[in-house]
Each structure stands twice: as structure tokens, then as C-alpha cells.
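Each chain, written out:
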Amino acid sequence: NTVAFTATINNVTGIYLIDTSGANRRLLHSGDAIGATWSPDSKWVAFSQNGKLYKQQATGDSLIQLTSTSLDIRPAWSRDGRTLAFVRTGLGIYALNLKTDSATAVFLGGDYPTWHPDGVEIVALVNEGSFSGQLTYGVYAVRYDTNLVRSLYSFSSGGVAGFLSVSASGNDLLFSLNPPNDYVEVWKSSVTTQLAIVLTSDGGDYPAWSPDGSKIVYMRATLGDGGLWIMNADGSGKRRLTSP
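Everything quoted here is computed from the prediction, not taken from an experiment.

Parameters and conventions
- Residues numbered from 1 in each chain as written.
- Predicted model: local features only at pLDDT ≥ 70, side-chain atom pairs only at ≥ 80, totals over all residues.
- Heavy atoms only, no water.
- Helix = DSSP H or I, 4+ residues; strand = E, 2+ residues; numbered from the N terminus.
- Rg over C-alpha atoms; globule rule 2.2 N^0.38 Å.
- Buried < 20%, exposed > 50% of the residue type's maximum accessible area, 1.4 Å probe, protein only.
- Contact = heavy atoms within 4.5 Å.
- Core = buried A, V, L, I, M, F, W, Y, C linked by side-chain atoms within 4.5 Å.
- Salt bridge = Lys/Arg side-chain N within 4 Å of Asp/Glu carboxyl O.
- Pairing = 2+ DSSP bridges.

**Q** Sorry if this is basic, but what is going on with the overall build of the protein chain here?
**A** Helix and strand content of the protein chain: zero helices and 23 strands. Computed over its C-alpha atoms, the radius of gyration of the protein chain comes to 17 Å, within 12% of the 18 Å expected for a compact globule of 244 residues. By the burial criterion, 47% of the 244 residues in the protein chain qualify as buried. Restricting to contacts in the protein chain with at least 6 residues of sequence separation, those with at least 24 account for 28%.

**Q** Please clarify how the nonpolar core should be interpreted in this entry.
**A** One broad rule of soluble globular proteins: the nonpolar side chains tend to lie buried together. By size, the foremost hydrophobic cluster in this structure holds 16 residues, and its most contacted members are Leu125, Val139 and Phe155. Among the secondary structure elements, those contributing two or more residues to this core are β13 (121–131), β14 (134–143), β15 (149–157), β16 (160–166) and β17 (172–178). Counting 13 residues, the second-largest nonpolar core is a separate cluster that includes Ala76, Val106, Val126 and Tyr140.

**Q** Can you walk me through the pattern of salt bridges in this structure?
**A** Side chains bearing opposite charge may pair, as long as their charged atoms lie close to each other. Across all of its chains, the model carries eight salt bridges by this definition. Salt-bridge contacts for Asp19 lead to Arg26; the nearest nitrogen and oxygen are separated by 3.0 Å. Here Arg26 falls in the partly exposed class, since its relative accessible area comes to 28%. Linking Asp145 and Arg143 is a salt bridge whose minimum nitrogen-to-oxygen distance equals 2.7 Å. A relative accessible area of 45% means that Asp145 is categorised as partly exposed. The exposure class assigned to Arg143 is partly exposed, which follows from its relative accessible area of 28%.

**Q** So what exactly am I meant to see when it comes to the pairing of β14 here?
**A** In regular strands, side chains alternate between the two faces of the sheet. For β13 and β14, the ladder comprises nine bridges, and the chain directions are antiparallel. Residue pairing across strands places Phe131 opposite Gln134, the latter belonging to β14. Between the antiparallel neighbours β13 and β14 lie two residues, among them Ser132 with a positive phi of about 55°. Here β14 pairs with β15 via eight bridges, running antiparallel. Looking at the pairing, Thr136 lines up with Ser156 of β15. Adjacent in sequence and paired antiparallel, β14 and β15 are bridged by five residues, among which Asn147 carries a positive phi angle near 65°.

This is the structure:
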């Protein structure tokens, strides 16, 4: 029950850990590191720093560099712990085999990779262009072993969407949506019904599911806040984890 997040606290920027009770905040890794993702056994945290992927034990030991380009961001750990999906900037989504250290292209043009609970599909958000002032987005699931693609969800918005993730059941999608001239908010959509609801009303960004899908952690984007918050999957029970 620990959250990994990027912050600058007392002038120290890095990846921090905090218990979901809001207690026991500690620095895991100092530096300009972003995009923390947990291994399924909770022993490792992977992240991007200066366009390179790293993993580090949650104890703070054993920092290991995984890639050597200056283009790699947004890692997402597979549910079997063997693969990292990530964005290679300007190229699309790749999959890194952690045993062989080989990276292969999976989906050109996709962004914000996240793993479907079936364990073999990487789910990606695709900006498919604009029409009449609206941005059109598609959410696709891609088998990383065969590159077979299927569509899960699509929507149009006047705002910019990001930070997609899939619930443990595979039935719900989570993302942030930043409309023009207003606060970015956290949205949840159903793959089955294709209906979407907004879960925050006073600013929400960088949402992520808990492993069991019962909780959502996010940054409260209200002016003057910027703290880490947690809520139930239906948007109820919002409470603060960190100070602004």
C-alpha cells in the first residue's frame, strides 16, 4: 500500500514513496526522474530520467539502467514482471524484454501505454487529429507479441487527454482531460457501455489505479494545491496524501 510519485520537496526533486495512509514519506531516488511504475511484486520501481529507463529496488538499493537512448519515457510494467512498455519519443510504443534487454516496436504513434489485465495486450491512447475544433482520440489494445490491434474506446473533446490507465478488471479506463480555459479533471469511462463520467470537480491530473482497481491516486490541480490525493474508484472518499 505504497504510492510512488515525482515531486520537489524541500528543494529536492526526485521520486518519493508514501504509504496510502499519508504517512512515512521518503525519498527513493533524487534527480529529474518521472513516470514511476511498480513491478507486480512491489520490489522494484521503474522510471525515466533524461530519456533513459531505470529500475530501482523500493528499498533504494540497486539502481539499474535499462535503456541508453535519450527518448524513452512513460514506462509501464507488465503484469508478469517480464516486460516494460514505454514511449520512445517521436516513434511510438515499444516493449522492453527485461531478460534479454531487447526493445521492439509495438505501436507507432501511440502514447501513455498501460497493460490490459489479460497480460498480453498493451493499451494505448492515440490522438487521431482534430475536426471542427474537437480533438478525436482512440484507445487501442495491441498484442505485443503479434501486434494485433483492437479498438476499445473513442471520444472527441475540446481538451487534451492524457495519462491513460486500465482498471484491474479491464472494464474501465482512467484518463485526464484538460479543457480550454479550465482545470484539468480526472475522467473514467466504461469499455462496455462507452459512457464516461468526470470524477473530480476541482482539478485532477496524473491519475493512476491501485492494483486491485478499488482506489485512484491523482494530483489535485487546483491553483495553490498540487498535492497528491486518493479517492475511491467511483470518485467518493477523496482525501489528501501530501501537502501542496
